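Spelled out from the first residue to the last, the chains are:
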Amino acid sequence: MINLAIASGKGGTGKTTVAVNLALALIPDYDNVELLDCDVEEPNAHLFLKPEFELEKAVGIPVPAVDHDRCTFCGRCSEVCMFNALAVLKDQVIILEELCHGCGSCAYLCPEKAITEYNRPIGTIKSGSAGKLKFGGGYLNPGEAMSPPLINAVKKMIQPDHISIIDAPPGTSCPVVSAVSGCDYCLLVTEPTPFGLNDLDLASQMVSKLGLPAGVVINRSDLGDDRGEKYCRHAGLPVLQKIPFDKELAGLYARGEAVVSHNREWRRRFKALFSGITGNKKEVSRP
Amino acid sequence: MKILTVISGKGGTGKTSLVASFASLVPDRLVLVDGDVDAANLSLITGAREFESHDFSASKVAVVNPETCNSCGLCLELCRFQAVAGDFSIDPVACEGCSFCAFACPREAIEMQEKVSGRWFVSRTPYGALVHARLGIAEENSGKLVTIVRNKGQELAKASGKDYLLIDGPPGIGCPVIAALSGADAALIIAEPTIPGLHDLERILSVCRHFGITAAVCINRYDLGPEQSKSIEAYCLKEGLVMVGKIPFDRAFVDSMVQGIAVTEYTGGALLNRISGVWDHFLNVAEQLSG
């Protein structure tokens, strides 16, 4: 129905807070809400939702294995690998699995067909539900460098007839692009500080590069200055919600609780945020 | 010279504010590196003046020559990154730069072109040199760019006989974090006293252990989650991690950031004492553990 990504350039601006509260605020009115945690390096949404997991699956990337009986040590695999994951010695091929991107070129291009591929696990995806809310998430194994294949595996769980809320990782590079690309709308969560503004600018460039309509939530809106809001006005980014700093909110977050479960006014505000997004999306998609 | 990396796992715990503050405590004795090349902010509060800048080109992108291409479709079939469109044009954002299509194309119609995917800079600050970078929007290879700024910082620190290379690490646990941690003598984890903060602390600690790097912990804004703060302290005790101090929530962090300066240049008194206590304690840990 709608794939809605929650992203930010800067970390710790409140992406997970917004994603979780938005999902929970919609639950009473909709039967088809799902939340997908694509922040696979530091996945936290499950800590607030406490879902019951029904499915757990290891996700891997295909890495090469060399059949040393067939190999003639010609060096072609090492030559075609752009990531230096294969080193061919006199009578041995060394494979540096953690450098492999799983592109498959070595196996395909080996003239002796001496390379096969097997899946090396890099993390886990889990799915389940928390009441009416469907939940899925990815969990990168600590020590693993490459998160995009795992993020893509989480995104495969998206159900097309659902309101799918995607909690993206921070930043503006490949993991974020994997999480937000193909979404219908990107909500950028920022804070009104110079760091927040600098990173909002980067995130806003990213969504325009990907051609996504976007809107902004300003978190801790009373800590800092008004340059962020001015920026949004100039960039034509609608500010859809402001969340002031509040020790009670901070305390709920610290305990792993969602404010909409405790406070009707906040539930109303997050429902209004969703209306803001769907209204804004229509405006944007008009030719 | 000691290489010290400040990390957090979770974003927004206060790494950059604290790195700038630490630098202000030991002016002229260190070189700074901003290891967050996605969203680099350290230059915003250290009075940085850029005096050197370089292109970063580590990756290639496939380009199809439509004149030679006979639309056989092999590239589309082979590409595992969904970078080849139905009309055999390449999506440069999705392209991983693996060159598989270029090697496999029977007509040799695909060329791999170098692309500039970012820039890196050396700046002067009142505390010492700062090496930082800006990865292009939606680009790859952030780990490689982190390695470049880290190596440059290390080279500068050695050449000028500094005591410390202080690296402001990126959030997360993936490739840029691993690059920022590599070769570090000790890591300082800035933890947030929340349930997610504790969860992320456990994950970043596993990364440090995976690479054999000693870590100490500092809790920032400890008073915003007093119970979780206690849980983190208990966790550190259980895991044998040194707790080098706790810093309270203080609006001075945001106010000083708005002024473009480190909080230690903005306010004195109790907060300054807390921050310098954390730094001194961390240095002691780094000295002892790394000999």
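Residues numbered from 1 in each chain as written. Chains lettered and ligands numbered in written order. Predicted model: local features only at pLDDT ≥ 70, side-chain atom pairs only at ≥ 80, totals over all residues. Heavy atoms only, no water.

1. Quick notes on helix H8 (residues 227-235) of chain A
Residue and element names in this part refer to chain A.
Part 1 of the argument: Burial in H8 covers these residues: Gly228, Tyr231 and Cys232. Down the axis of H8, the smallest arc covering the buried residues is 100°, so these residues share one side. Exposed residues on H8 whose side chains face more than 90 degrees from its buried face are Arg233 and His234.
Part 2 of the argument: Where the residues of H8 are buried, they touch helix H7 (194-210), strand S10 (214-219) and strand S11 (239-243).
Part 3 of the argument: One or two steps after H8, the chain reaches Gly236, where phi turns positive at roughly 70°. (Buried < 20%, exposed > 50% of the residue type's maximum accessible area, 1.4 Å probe, protein only. Helix = DSSP H or I, 4+ residues; strand = E, 2+ residues; numbered from the N terminus. Arc of directions from axis to C-beta. Contact = heavy atoms within 4.5 Å.)

2. Topic: the domain arrangement of chain A
Part 1 of the argument: Entries for chain A in the domain assignment read domain 1 (2-59 + 122-285) and domain 2 (68-113).
Part 2 of the argument: Between the C-alpha centres of domain 1 of chain A and domain 2 of chain A the distance comes to 40 Å. (Domains from an automatic or database assignment.)

3. Looking at a nonpolar patch on the surface
Residue and element names in this part refer to chain A.
Part 1 of the argument: Taken together, the side chains of Leu89, Ile94, Leu96 and Leu99 define a hydrophobic patch exposed on the protein surface, amounting to about 290 Å² of accessible area.
Part 2 of the argument: The residue Ile94 is located in strand S5 (residues 93-95) in this model.
Part 3 of the argument: Ile94 sits in the partly exposed class, given a relative accessible area of 32%. (Patch = residues over 30% accessible without salt bridge, like charges linked within 9 Å, V, L, I, M, F, W, Y side chains within 5 Å. Areas by Shrake-Rupley, 256 points an atom, 1.4 Å probe, with all protein chains shown as cover. Salt bridge = Lys/Arg side-chain N within 4 Å of Asp/Glu carboxyl O.)

4. Topic: the nonpolar core
Residues and elements named next belong to chain A.
Part 1 of the argument: Residues Val180, Cys186 and Leu188 are the most contacted members of the largest nonpolar core, which totals 89 residues.
Part 2 of the argument: The residues touching Cys186, leaving out its near neighbours within four places in the chain, are Ala5, Ala7, Val180, Val207, Leu212, Pro213, Ala214 and Gly215.
Part 3 of the argument: Of all hydrophobic cores here, the second largest spans 38 residues; its members include Ala25, Ile27, Ala258 and Phe270. (Core = buried A, V, L, I, M, F, W, Y, C linked by side-chain atoms within 4.5 Å.)

5. Side note on the sheet that holds strand S7 (residues 133-140) of chain A
All names here are of chain A.
Part 1 of the argument: Ordered in space as S3-S6-S7-S2-S8-S1-S9-S10-S11, the nine strands form an open sheet in which the pairing is mixed. Among the strands making up the open sheet, the edge pair consists of strand S3 (52-66) and S11. Taking each pair of neighbouring strands and ignoring which way they run, the sheet shows an average axis angle of 20°.
Part 2 of the argument: When strand S1 (residues 2-7) meets strand S8 (residues 163-167), the two strands line up parallel, connected through five bridges. Paired with Leu4 across the two strands is Ile165, which belongs to S8. (Pairing = 2+ DSSP bridges. Axes fitted to C-alpha atoms, helices over the stretch in contact; angles between N-to-C directions.)

6. Observations regarding the pattern of salt bridges
Part 1 of the argument: The tally for this structure, following the rule as stated, stands at 23 salt bridges over all chains.
Part 2 of the argument: The shortest N-O distance in the salt bridge between B:Arg80 and A:Glu117 comes to 2.7 Å. Taken together, the positions of B:Arg80 in the loop between helix H2 (74-78) and helix H3 (100-104) and A:Glu117 in strand S6 (residues 115-130) put the pair across two chains.
Part 3 of the argument: Owing to a relative accessible area of 34%, B:Arg80 belongs among the partly exposed residues under this scheme.

7. A short note on the interface of chain B and chain A
Part 1 of the argument: Of the residues lining the interface, 58 residues belong to chain B; the matching set on chain A comes to 62 residues.
Part 2 of the argument: Each partner contributes to the roughly 4,900 Å² buried at the junction of chain B and chain A, and carbon and sulfur atoms together form 64% of this total.
Part 3 of the argument: The three residues of chain B that bury the most area against chain A are B:Arg80, B:Phe103 and B:Ile137, which together make up 14% of that side's buried surface.
Part 4 of the argument: There are two salt bridges connecting chain B and chain A.
Part 5 of the argument: Applying the counting criterion to the chain B and chain A interface returns 26 residue pairs in polar contact (both at pLDDT 80 or more).
Part 6 of the argument: Contributions of two or more residues to the side of chain B that touches chain A are made by helix H1 (15-25), H2, H3, helix H5 (175-181), helix H6 (195-210), helix H7 (226-239) and helix H8 (252-259) of chain B.
Part 7 of the argument: The element best represented in the side of chain B that touches chain A is H6(B), accounting for nine residues.
Part 8 of the argument: Among the residues making up the side of chain B that touches chain A, the classes are represented as 30 nonpolar, 17 polar and eleven charged. (Buried area = accessible area lost by both parts, 1.4 Å probe. Polar contact = N/O pair within 3.5 Å; in protein donor to acceptor, adjacent residues only side chain to side chain. Nonpolar A, V, L, I, M, F, W, Y, C, P; charged D, E, K, R; others polar.)

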